[in-house]
Amino acid sequence: MHIEQNETSGAMRFKTIGLILLLIPILFLTYFAVGESVSGDLSGLSHLIQAAPLVILALLAWKRPRAGGLLLIGLGVLLALRFLLFTNNPEVIAILLVFSPPILSGLLFLMAARRQA
């Protein structure tokens, strides 16, 4: 019983940290949406469209850590490769800042799924 409780609390820790990592880009995009909209530029609301898939993936990963973790890692890697291939001079730091939170979050959700199993 005590071992099961430790496994469950460990899984919860991984899920919580993974969710916090996903909240960083979500809050960043929301900040830009609000800031641009308040200044009168309604095109800033397009940042909410960018944040919506992250919110959906965060909810999925919380409910189903294995599926959500795999999707986060897969999409993060695919988008990073797309950025590398279709950007003239991609900056490594930009790739790390933008694409590492979803990938790391996905890894944490996979670790949580393994602990729950």
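Right, let's walk through the structure included here. Just so it is clear, the model here is predicted, and its values are computed rather than measured. (Residues numbered from 1 in each chain as written. Predicted model: local features only at pLDDT ≥ 70, side-chain atom pairs only at ≥ 80, totals over all residues. Heavy atoms only, no water.)

### Remarks on the nonpolar core
Of all hydrophobic cores here, the largest spans ten residues; its members are L22, I26, L29, A51, L54, L57, A58, A61, L72 and F109. Each residue touching L22, except ones within four places of it in the same chain, is listed here: L54, A58, L72, P102, S105 and F109. (Core = buried A, V, L, I, M, F, W, Y, C linked by side-chain atoms within 4.5 Å. Buried < 20%, exposed > 50% of the residue type's maximum accessible area, 1.4 Å probe, protein only. Contact = heavy atoms within 4.5 Å.)

### Looking at the layout of surface pockets
The calculated volume of the largest pocket comes to roughly 630 Å³. Together, 22 residues line the largest pocket, and L54, L79, V98, F99 and P102 are the ones closest to its centre. If you list the elements that add at least two residues to the lining of the largest pocket, you get helix 1 (2-38), helix 2 (46-63), helix 3 (65-86) and helix 4 (92-116). Sort the elements by how many residues they give to the lining of the largest pocket and helix 3 lands first, with seven residues. (1 Å grid on protein atoms, 1.4 Å probe; cavity = no way out; pocket = protein on both sides within 12 Å on 5 of 7 lines; lining within 4 Å. Points joined across faces, edges and corners; volume = space filled by probe spheres on them. Helix = DSSP H or I, 4+ residues; strand = E, 2+ residues; numbered from the N terminus.)

### Overview of the environment of R64
Mapping R64 onto the fold places it in the loop between helix 2 and helix 3. The exposure class of R64 is exposed, given its relative accessible area of 58%.

### Regarding the packing of aromatic side chains
We describe a pair of aromatic rings using the distance from one ring centre to the other and the angle between the two ring planes. On inspection of all chains with the given rule, the structure shows three aromatic pairs. A ring pair is formed by F83 and F99, whose centres lie 5.8 Å apart and whose planes are at 55 degrees; its orientation type is tilted. Taken together, the residues span a long stretch of sequence, with F83 in helix 3 and F99 in helix 4 at a distance of 16 residues. Aromatic ring contacts, followed pair by pair, group F28, Y31 and F32 into a single cluster. A cation over a ring is seen here: K15 above W62, with NZ or CZ 4.6 Å from the ring centre. (Phe/Tyr/Trp six-rings, centres within 6.5 Å; stacked < 30°, edge-to-face > 60°. Lys NZ or Arg CZ within 6 Å of the ring centre and 35° of its normal.)

### Focus: the environment of I73
For I73, the location among the structural elements is in helix 3. Overall, I73 belongs to the buried group, its relative accessible area being 18%. The spatial distance from the C-alpha of I73 to the C-alpha of S100 is 9.2 Å, given a sequence separation of 27 residues. When residues no more than four places from it in sequence are discounted, the contact partners of I73 are P102, I103, G106, L107 and L110.

### Focus: the side chain of K15
As for its placement among the helices and strands, K15 is situated in helix 1. Classification of K15 by relative accessible area gives buried; the value is 6%. One polar contact links the side chain of K15 to the main-chain carbonyl oxygen of W62, over a distance of 2.9 Å. The contacts of K15, once residues within four sequence positions are left out, are W62, P65, F109, A112 and Q116. (Polar contact = N/O pair within 3.5 Å; in protein donor to acceptor, adjacent residues only side chain to side chain.)

Function-wise, these values are silent; they only describe arrangement.
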